[in-house]
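# Secondary and tertiary structure notes
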Amino acid sequence: MFLFCSGWWLYITVTCSIICIVIYNFCTSTFSKWEKLNVPYVRPIPLFGNYFKVALGFEHQLDLYKRIYNEFTGHKYAGLFQMRTPYLMIRDPEIINRIIIRDFSYFPNHGVYTDLSVNPLSSSLFNTETPQWNAARHKLSPAFTSGKLKLMYEQIKECGDELMKNISKSVLEHTNNEMEVVDVLGKFSTDVIGTCAFGLQLNAINDDNSEFRKYGKSLFTPSLRVLLRELSLMISPALLKVIKIKEFPAEACEFFHSVFHETITYREKNNIVRNDFVQALMQTRRDLVLNENVHPNDKLTETHILANAFGIFFAGSDTVSTVLSFCLYELALAKNIQDKCREEIKSQISKHNGVIDYTFLTDLNYLDMVLKETLRKYPPDYTLSRQAAQTYHVPYDSLVIEKGQNIIIPLHSLHYDPQYYPNPEVFDPERFSPEEKSKLVKGTYLPFGDGPRICIGIRFAEMEMKLALFEILSKFELEPCGKTDIPLKFNKKAIMVMPENGIWLKFKEIFS
Ligand code: HEM
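Cut-off values and rules
Residues numbered from 1 in each chain as written. Predicted model: local features only at pLDDT ≥ 70, side-chain atom pairs only at ≥ 80, totals over all residues. Heavy atoms only, no water. Axes fitted to C-alpha atoms, helices over the stretch in contact; angles between N-to-C directions. Helix = DSSP H or I, 4+ residues; strand = E, 2+ residues; numbered from the N terminus. Parallel < 35°, antiparallel > 145°, perpendicular 65-115°, else oblique. Left-handed = near helix turned anticlockwise from the far one by under 90°. Contact = heavy atoms within 4.5 Å. Nonpolar A, V, L, I, M, F, W, Y, C, P; charged D, E, K, R; others polar. Pairing = 2+ DSSP bridges. Donors = N, O, S within 2.8 Å, 3.2 Å for Na, K, Ca; no water. Near = heavy atom within 4 Å. Polar contact = N/O pair within 3.5 Å; in protein donor to acceptor, adjacent residues only side chain to side chain. Expected span 1.5 Å × (residues − 1). Buried < 20%, exposed > 50% of the residue type's maximum accessible area, 1.4 Å probe, protein only. Core = buried A, V, L, I, M, F, W, Y, C linked by side-chain atoms within 4.5 Å. UniProt positions renumbered as here; feature names shortened; annotations may be inferred. Phe/Tyr/Trp six-rings, centres within 6.5 Å; stacked < 30°, edge-to-face > 60°.

At a closest axis distance of 8 Å, the pairing of helix α8 (residues 181-198) and helix α15 (residues 318-333) adopts a crossing angle of 140 degrees. Judged by the angle between their axes, α8 and α15 are oblique. The crossing of α8 and α15 is right-handed. Across the interface between the two elements, Val 181, Val 182, Leu 185, Gly 186, Phe 188 and Ser 189 from α8 touch Asp 318, Val 320, Ser 321, Leu 324, Ser 325 and Leu 328 from α15. Tallied by class, residues from the contact of α8 with α15 come to seven nonpolar, four polar and one charged.

Written out as structure tokens, the structure reads:
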């Protein structure tokens, strides 16, 4: 009996030990990478790598990158591990420029893993890889030229008018003229992008139950699903293949899919032509989906077209509204800068004989500096990502970046590096004056990325943000109020840089 028991225990002990060794090996098998390549790195812990606090929700990813960026001051790059996956953080602006601009052909993709059978709407431009990306970007780019933007101006202006009606109404409704701006600007940016990317007259601004706003918001809301998906992916893409967690909420995907499908069918059937992104997507569909003679490398599917409408909505809605909200916050705290914007607006109105159009907005140069400084302090994306498509020897350095390596460019940390931006916490638009701008170190200011993969919507976003700021600053003076968080607190779980409690400001009407 005793012999039987001890044999049994031995069997269990050996089996458990083997299982533990296998699990331990799996959890640490990738951790020798940076040591072998002689890359300085942050010491990882089994399974979690350097991601322990982020995985448990104690630290924002942004703070993790900041910590690592600062720990490796003086180094050009550093290795880290997001769970089991090794990432290479590039700190040196010269290497950054090589990766995103000069040697782009080695790093043409963002390297975002997605299983299209589970997430069909993820096949947007951002996630599309070369060679298909070249054709898709080439077809979509004409929709973003200044000529096309001029034609879209009127549609955006209408959304601006609704924004002002809504602000005036809210100011009257709230005590002491105090208002939360992230929400109201979120409705504005939803209206703009919905009108231009989906060809719809949305009016989310006046409709608190707007489905567009509801589903749009749900895409950015932090959730356990998003966290689990991210963690599984970093443990192993094979794991994600098994558990098949969706990237976006299923209901939202169905909604956007059906709205865009109906719009495109209706417009094709009724030969409706409008100046918007839908038109560009319909043309892309004709050229790259329906065209039988298209080169197989360039061939897209119906799903790509729908995914791109969705992608434009996703990329262009809450990014714009959060930047605008941060801008109003900084202007409320710096009355002198706010007044200077208003003076410029007044002088440009008289220069343009009262005609407010696309050209008028492009002539608001000081406002442009204010927006650039806002994007330095509050870039919605805190990193750029790239993946090596081929092995790359970094010139004048011993570093070899292997094919498939994921790269992080910590743009938020670069924007706050005192070496490039003295007193980085200070909001100072003069950093972007014509004289100072020429002194900026290339590769250290990247709110929209750079190189061939730069944000396709820059000019659109700038026009939209300038229009909203022009409208608001012409009619209201902004001040902080009792509910304003000073300094701002950031939401640790959000996927973008977002204020934790919204941004409350006091609006004082200007009677001219
Ligand atoms: C303040 C507003 C915005 C910011 C800060 C922003 C920022 C960015 C960044 C950092 C990237 C990645 C660039 C890179 O990897 O080098 C990107 C890509 C992209 N953005 Fe924006 N974006 C904004 C607004 C918009 C708008 C309004 C649209 C569309 C109307 C848009 C559409 C896109 C698309 C489609 C991509 C993927 C481009 C590609 O992979 O070829 N973005 N954006």
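Now for the sheet that holds strand β1 (residues 77-82). Read from one edge to the other, the open sheet built from four strands follows the order β1-β2-β7-β4, with strand pairing classed as mixed. The sheet is open, and its two edges are formed by β1 and β4 (384-387), each paired on a single side. Strand-to-strand twist in this sheet, taken as the mean axis angle between neighbours without regard to direction, amounts to 30 degrees. Across six bridges, β1 lies against strand β2 (residues 85-90) in antiparallel orientation. Bridge assignment links Phe 81 to a residue of β2, and that residue is Pro 86.

Just one protein atom donates to the iron atom of the ligand; it is Cys 455 (SG), sitting 2.3 Å from the metal. Structurally, the position occupied by Cys 455 is in the loop between α20 (434-437) and α21 (458-475).

Taken together, 29 residues lie around the ligand, and His 110, Trp 133, Arg 137, Arg 386 and Cys 455 are the ones closest in. Between the ligand and His 110, the relevant distance is 2.7 Å, taken from an oxygen atom to a side-chain nitrogen or oxygen of the residue. Contributions of two or more residues to the shell around the ligand are made by α6 (132-140), α14 (302-316), α15, β4 and α21. Of the residues belonging to the shell around the ligand, the class tally is 19 nonpolar, five polar and five charged.

Between its terminal C-alpha atoms α14 stretches 22 Å, which fits the 21 Å expected from 15 residues at 1.5 Å a residue. With 11 of its 15 residues buried, α14 lies for the most part within the structure.

What follows covers the nonpolar core. Residues Ile 167, Phe 256, Phe 277, Ile 401, Phe 460 and Phe 507 are the most contacted members of the largest nonpolar core, which totals 152 residues. In this structure, Phe 507 is in contact with Ile 167, Val 171, Asn 177, Met 179, Val 181, Ile 472, Phe 476, Glu 477 and Leu 478, ignoring residues within four places of it in sequence.

Bringing the UniProt feature "binding site: heme" (unreviewed entry) in the chain into the picture now. What UniProt calls "binding site: heme" (unreviewed entry) maps, in this numbering, to Cys 455. Leaving out residues up to four positions away in the same chain, Cys 455 has contacts with Arg 137 and Phe 448.

Turning to the sheet that holds strand β8 (residues 476-480), a few remarks are in order. Sheet architecture is open: three strands sit in the order β3-β9-β8, paired in antiparallel fashion. The strands lining the two open edges of the sheet, one partner per strand, are β3 (178-180) and β8. Pairs of neighbouring strands in the sheet enclose a mean axial angle of 40 degrees, with direction left out of account. Examined bridge by bridge, β3 and strand β9 (residues 504-509) share three bridges and lie antiparallel to one another. Residue Glu 180 lies in a different strand from β9, and its bridge partner there is Trp 504.

What follows deals with the packing of aromatic side chains. Per the counting criterion, the structure on display carries 23 aromatic pairs. Plain terms: the ring middles of Tyr 41 and Phe 81 are 6.3 Å apart, the flat faces sit at 90 degrees to each other, and that makes the pair edge-to-face. Of this pair, Tyr 41 sits in the loop between α2 (33-36) and α3 (52-55) while Phe 81 is found in strand β1, placing the two residues 40 residues apart along the sequence. We note that Tyr 41, like Phe 81, is buried.

Viewed as axis vectors pointing N to C, helix α13 (residues 277-290) and α14 meet at an angle of 155 degrees, and their least axial separation amounts to 9 Å. It follows from the interaxial angle that α13 and α14 lie roughly antiparallel. For α13 against α14, the interelement crossing comes out right-handed. Contact with α13, carried on its side by Phe 277, Leu 281, Thr 284, Arg 285, Val 289 and Leu 290, involves Glu 302, Ile 305, Asn 308, Ala 309 and Ile 312 of α14 and no other residues of that element. Here the residues of the contact of α13 with α14 are counted per class, giving seven nonpolar, two polar and two charged.

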